[in-house]
2 protein chains.
Amino acid sequence: MTAPSFSFRVTHTDGHARRGVMTTAHGAIETPAFMPVGTQGAVKAITHRDLEGLGAEIILGNTYHLYLRPGDALIARQGGLHRFIGWPRPILTDSGGYQIFSLSSRRTITDEGAHFRSHLDGSAHLLTPEKAADIQAHLGSDIAMVLDECVAYPCAMEESADAMRRTLDWARRSRDRLLELRSSAVDGVTVTNQGQAQFGIVQGGIHLPLREASAAGTVALGFDGYAIGGLSVGEPTDVMYDIVARTTACLPAQQPRYLMGTGTPADLVESVARGVDLFDCVLPTRNARNGQLFTAGGRINIKNARYGEDQRPLDRDCACYTCRTFSRAYLRHLFLAGEIAAATLNTLHNLNFYLDTMRGIRDAIAFGRFESFRLAFHQRWSRQAVDS
Amino acid sequence: MTAPSFSFRVTHTDGHARRGVMTTAHGAIETPAFMPVGTQGAVKAITHRDLEGLGAEIILGNTYHLYLRPGDALIARQGGLHRFIGWPRPILTDSGGYQIFSLSSRRTITDEGAHFRSHLDGSAHLLTPEKAADIQAHLGSDIAMVLDECVAYPCAMEESADAMRRTLDWARRSRDRLLELRSSAVDGVTVTNQGQAQFGIVQGGIHLPLREASAAGTVALGFDGYAIGGLSVGEPTDVMYDIVARTTACLPAQQPRYLMGTGTPADLVESVARGVDLFDCVLPTRNARNGQLFTAGGRINIKNARYGEDQRPLDRDCACYTCRTFSRAYLRHLFLAGEIAAATLNTLHNLNFYLDTMRGIRDAIAFGRFESFRLAFHQRWSRQAVDS
């Protein structure tokens, strides 16, 4: 039972790479797409209008953060996350599982759910699959994610298998809850977006048989799309790429595939080559705030003294506001002076680089030249040593 | 000897209030005007394009900060401040005197100049009137200010008199240096803006005879415009207004008058009523970052719990991006969550409020209804209790 306002259509394929259109209750997204991360209802350091100007079609909100502050019930009373934050375009929310894994203290996972303490005030909480679905019903995102259990890397087969089986059980409970919320009133839960879709998450660490079992079990539950979770947690890049390729092979061709929390520009290109349609990552925004900038010729650490009098733009091939207007020397000055504008201008550039990369990928797939795009991308990207 | 590219024309008067156009080497400014403060070459928390979108026609740069970091010689090698920071419109720079007074440690004022230690690294510096002119020649601002001596409030007549006399001596030396820089090459100084104008500064604390002597002496030196310094340092508001009125009366009618470092929206209206043309103040930008917002109905402290679920815009009469797009509830959330966007959106609003106030003032003067504007402004402004 697909969400009525959700659909996905593959319009072009080129090898395993796919171009398509994902339609949600708040509009369409061209895929492959990158979702800037709007953790607490805002993409850090830039405004929504800047984000729209960059061509971002969808952002990600973090359920863990929004649940703790300002609270999902408040957001529901404000009409849902779109209205609350003033962003009328598509939003995907995660389930909160990953932040419980990475941010909270005294976390205990049982079959019931995840017991954890808030990183803000130490208060105790229990997040169950049903509760994660309810919170996301309050938020009213266009795509909700099931609660899953993430394991650290490295992780023994046995532990990975337990987490994978629990994730599958939680996926079933998550799905049941969403269908319940869709079909009938549930006490105490306000569904702010009747068109919310739901994606399942494939887990299984780096163990291929677990991934295959996870994919089969998750697909059998019948979600609107499928995510690959538990990667980009420290495993070697080639292992990650291999797991991605082998997992997408187990997923339905006509539904969207989302690689969670990944990655570098090269990771995006390589994962598209393996059939992924959707990405999110804090790398462009977090690196921007730390002065680490992505350019066609490699990475730039704007703090570096060599840029002190460099009148060139960050990236001469980039058409973003930052590159059209400012020199490396000025950007270095703003960073060293601790000016907020440094975070803003760097974020604008890094996000533009990511979104431009996705535009280039989509065009290349449409014209059947994705392999030459991929080759040229890696050649340019590796031509200049990383400056950090 | 006026700077060739600098001119000022009063186009309308209404009582003592004047509307005019000030033309500089980088374009014209409608007056009365408010200059957002771009301390270190950036107005805090917003981009230049946002600033242009708000209708800001001129910004202020702080010589003290830019001299210490990145250094005026570097800025000169980059072609001057306009090119370095990518702001093509008018810029006024202060002389550094006020920041030495307020920020530096172990400050000693002698007739030669101001000995001080950097607030950044404790390094020792001497700022003389000539050096302040040289630094501003490097920066290439459209309007440079003479070095003056600020005194604290309260300040005895004798001490105020000494500072006033020293300021007058420094004004003469500042003027001589600028004329020297204009007419011939000075070793080690690159003049990056041949059209730079220079304003003198009237000091004298709250002592009327000192203000009159200072004005007469400064005007006799023949500057392009005149500033009133040493106010908004703690004296009662009615004393400040009185000094402003009595000082503008001593200044040439056909030249611009700049009240330095002031003030609240009401201060702007009252000072325009007393013949002031130009203002700068950190209040709108600094308050914005602290969550203190100016609205037509009074001040709002966005941290206040009462705004937690308030779906209204900050100011229903305001057309800024923040008010057109976001609720008080969301702005409160962003502020409490420590999001950079809170600083940006609040700054956009507060600056728009200030610039809108100036637009309203200019229109009112042009239509000969400044007094009714002034009355309505104070009635609206005081209608709602300050919420802080």
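Up top you'll find the structure we're talking about.
Residues numbered from 1 in each chain as written. Chains lettered and ligands numbered in written order. Predicted model: local features only at pLDDT ≥ 70, side-chain atom pairs only at ≥ 80, totals over all residues. Heavy atoms only, no water.

Comments concerning the overall build of chain A
Okay, step 1: Within chain A one finds 15 helices and 16 strands.
Okay, step 2: For 388 residues, the compact-globule formula gives about 21 Å, and the C-alpha radius of gyration of chain A, at 20 Å, lands near that figure.
Okay, step 3: Taken along its principal axes, the extent of the C-alpha atoms in chain A is 60 × 45 × 40 Å.
Okay, step 4: Here chain A, with 388 residues, has 61% of them falling under the buried criterion.
Okay, step 5: For chain A, the share of sequence-separated contacts (at least 6 apart) that also reach a separation of at least 24 residues comes to 68%.
Okay, step 6: Looking at chain A as shown, the accessible area adds up to about 13,900 Å², and 50% of this sits on carbon and sulfur atoms. (Helix = DSSP H or I, 4+ residues; strand = E, 2+ residues; numbered from the N terminus. Rg over C-alpha atoms; globule rule 2.2 N^0.38 Å. Buried < 20%, exposed > 50% of the residue type's maximum accessible area, 1.4 Å probe, protein only. Contact = heavy atoms within 4.5 Å. Areas by Shrake-Rupley, 256 points an atom, 1.4 Å probe, with all protein chains shown as cover.)

What about the relation of the copies chain A and chain B?
Okay, step 1: Least-squares fitting of chain A to chain B yields an RMSD of 0.0 Å, with the superposition described by an axial translation of 0.0 Å and a rotation of 180°. This pairing of chains is accounted for by a two-fold axis. When each C-alpha of chain A is compared by its distance to the rotation axis, Ile340 of chain A comes out closest, at 3.8 Å.
Okay, step 2: Looking at the interface residues of chain A, 100% of them are also at the interface in chain B, so both copies use one shared face. (Least-squares fit on C-alpha atoms with pLDDT ≥ 70 in both.)

A few points about the interface of chain A and chain B
Okay, step 1: In this assembly, 43 residues from chain A lie in contact with 43 residues from chain B.
Okay, step 2: Where chain A packs against chain B, one counts six salt bridges.
Okay, step 3: Here Lys44 of chain A and Glu339 of chain B are joined by a salt bridge, their closest N and O atoms 2.7 Å apart.
Okay, step 4: The interface formed by chain A and chain B includes 22 residue pairs in polar contact (both at pLDDT 80 or more).
Okay, step 5: Listing elements by their share of the side of chain A that touches chain B, those giving two or more residues are helix 1 (48–53), helix 3 (72–77), helix 4 (81–85), helix 12 (321–325), helix 13 (328–336) and helix 14 (340–366) of chain A.
Okay, step 6: A per-element tally of the side of chain A that touches chain B places helix 14 of chain A first, with six residues.
Okay, step 7: Residues that form the side of chain A that touches chain B fall into these classes: 20 nonpolar, twelve polar and eleven charged. (Salt bridge = Lys/Arg side-chain N within 4 Å of Asp/Glu carboxyl O. Polar contact = N/O pair within 3.5 Å; in protein donor to acceptor, adjacent residues only side chain to side chain. Nonpolar A, V, L, I, M, F, W, Y, C, P; charged D, E, K, R; others polar.)

Remarks on helix 10 (residues 265–272) of chain A
Okay, step 1: With respect to burial, helix 10 of chain A is a largely interior element, eight of its eight residues being buried.
Okay, step 2: Of the residues making up helix 10 of chain A, those classed as buried are Pro265, Ala266, Asp267, Leu268, Val269, Glu270, Ser271 and Val272 of chain A.

Concerning the pairing of strand 9 (residues 124–127) of chain B
Looking along a regular strand, one sees side chains alternate from face to face of the sheet.
Residues and elements named next belong to chain B.
Okay, step 1: By the alternation rule, side chains of strand 9 split into His125 and Leu127, which are all buried, and Ala124 and Leu126, of which none is buried.
Okay, step 2: In the sheet, strand 8 (residues 114–117) pairs with strand 9 via four bridges, with the strands oriented antiparallel. Following the sheet pairing, His115 is matched in strand 9 by Leu126.
Okay, step 3: In sequence, strand 8 turns back onto strand 9 through a hairpin of six residues, with Gly122 there showing a positive phi of about 75°. (Pairing = 2+ DSSP bridges.)

What about the sheet that holds strand 13 (residues 257–259) of chain A?
Residues and elements named next belong to chain A.
Okay, step 1: Within the open sheet, the eight strands sit side by side as 4-14-13-12-11-10-6-5. Their pairing is parallel. Of all the strands in the sheet, the pair left with one neighbour each is strand 4 (33–35) and strand 5 (59–61). Strand-to-strand, the axes of this sheet are offset by a mean angle of 25°, without reference to chain direction.
Okay, step 2: Pairing geometry for strand 12 (residues 225–228) and strand 13, over three bridges, is parallel. Within strand 13, the position partnered with Ala227 by the bridge is Tyr258.
Okay, step 3: Strands in contact with helix 9 (residues 237–248) are strand 11 (197–202), strand 12 and strand 13; relative to strand 12, the strand with the most contacts, it is inclined by about 160°. (Axes fitted to C-alpha atoms, helices over the stretch in contact; angles between N-to-C directions.)

As for the nonpolar core
Okay, step 1: Residues Phe34 and Phe370 of chain A together with Phe34 and Phe370 of chain B are the most contacted members of the largest nonpolar core, which totals 152 residues.
Okay, step 2: Dropping the residues within four chain positions of it, Phe370 of chain A is found in contact with Asp14, Ala17, Val269, Val272, Ala273, Ile361, Ala364 and Ile365 of chain A.
Okay, step 3: Formed by 28 residues, the second largest nonpolar core is a distinct cluster that contains Phe6, Ala171, Ala215 and Leu278 of chain B. (Core = buried A, V, L, I, M, F, W, Y, C linked by side-chain atoms within 4.5 Å.)

Concerning the packing of aromatic side chains
Centre distance and the angle of the planes are the two values used to describe a pair of aromatic rings.
Okay, step 1: If you walk through the whole model with that rule in mind, you get 24 aromatic pairs over all chains.
Okay, step 2: Cluster of aromatic residues (ring-pair linked, three or more members): Phe34, Phe294, Phe353 and Tyr354 of chain A.
Okay, step 3: The ring of Tyr321 of chain B has Arg49 of chain A lying over it, and the distance from NZ or CZ to the ring centre is 4.2 Å. (Phe/Tyr/Trp six-rings, centres within 6.5 Å; stacked < 30°, edge-to-face > 60°. Lys NZ or Arg CZ within 6 Å of the ring centre and 35° of its normal.)

Side note on the packing of helix 9 of chain A against helix 10 of chain A
Residue and element names in this part refer to chain A.
Okay, step 1: Contact pair helix 9 / helix 10: the axes reach a minimum separation of 10 Å and the direction vectors enclose 30°. If you check the angle between helix 9 and helix 10, you find them roughly parallel. Every pair of crossing elements has a handedness; the one defined by helix 9 and helix 10 is right-handed. Every residue of helix 10 that contacts helix 9 at Thr237, Met240, Tyr241 and Val244 is listed here: Ala266, Asp267, Glu270 and Ser271. (Parallel < 35°, antiparallel > 145°, perpendicular 65-115°, else oblique. Left-handed = near helix turned anticlockwise from the far one by under 90°.)

A closer look at the side chain of Thr347 of chain A
Residues and elements named next belong to chain A.
Okay, step 1: Looking at where Thr347 falls in the secondary structure, it is placed in helix 14.
Okay, step 2: Separated by 2.6 Å, the side chain of Thr347 and the backbone oxygen of Ala343 make a polar contact.
Okay, step 3: Each residue touching Thr347, except ones within four places of it in the same chain, is listed here: Lys44, Ala45, Ile46, Thr285, Ala288 and Arg289.

Observations regarding the environment of Tyr241 of chain B
All names here are of chain B.
Okay, step 1: Topologically, Tyr241 is positioned in helix 9 (residues 237–248).
Okay, step 2: Residue classification places Tyr241 among the buried residues on the basis of a relative accessible area of 12%.
Okay, step 3: In the structure, Tyr241 is positioned 124 residues away from Ile365 in sequence and 19 Å away in space, judged by C-alpha atoms.
Okay, step 4: Setting aside residues no more than four positions away along its own chain, Tyr241 makes contact with Ala266, Asp267, Glu270 and Arg274.

Let's talk about the sheet that holds strand 3 (residues 27–31) of chain B
Residue and element names in this part refer to chain B.
Okay, step 1: Taken in spatial order, the three strands make up an open sheet running 1-2-3, and their pairing is antiparallel. Bordering the open sheet on either side are strand 1 (7–14) and strand 3, each of which pairs with just one other strand. If you compare each strand with its neighbour and ignore which way they point, the axes differ by 15° on average.
Okay, step 2: With five bridges connecting them, strand 2 (residues 17–24) and strand 3 associate as antiparallel partners. Counted as the bridge partner of Met22 is Ile29 from strand 3.

Side note on the side chain of Gln255 of chain B
Residue and element names in this part refer to chain B.
Okay, step 1: By secondary structure assignment, the location of Gln255 is in the loop between helix 9 and strand 13 (257–259).
Okay, step 2: Polar contacts involving the side chain of Gln255 include one to the main-chain carbonyl oxygen of Asp224, which spans 3.3 Å.
Okay, step 3: Once you skip the residues sitting within four places of it in the chain, Gln255 turns out to touch Phe8, Arg18, Phe223, Asp224, Gly225, Tyr226 and Asp277.

Notes on the environment of Leu231 of chain A
All names here are of chain A.
Okay, step 1: With respect to the helices and strands, Leu231 occurs in the loop between strand 12 and helix 9.
Okay, step 2: On the accessibility criterion, Leu231 (4% relative accessible area) is buried.
Okay, step 3: Remark: the alpha-carbon pair of Leu231 and Met260, spanning 29 residues in sequence, is separated by 7.5 Å.
Okay, step 4: Beyond its immediate stretch of four places on either side in the chain, Leu231 contacts Gly205, Arg211, Met240, Ile243, Val244 and Leu259.

So, the pairing of strand 1 (residues 7–14) of chain A
Residue and element names in this part refer to chain A.
Okay, step 1: When strand 1 meets strand 2 (residues 17–24), the two strands line up antiparallel, connected through seven bridges. Pairing of Ser7 across the sheet is with Thr23, part of strand 2.
Okay, step 2: Taking the residues that link successive antiparallel strands as the turn, the strand 1-strand 2 hairpin has two residues, and the phi of Gly15 there is positive, at about 65°.

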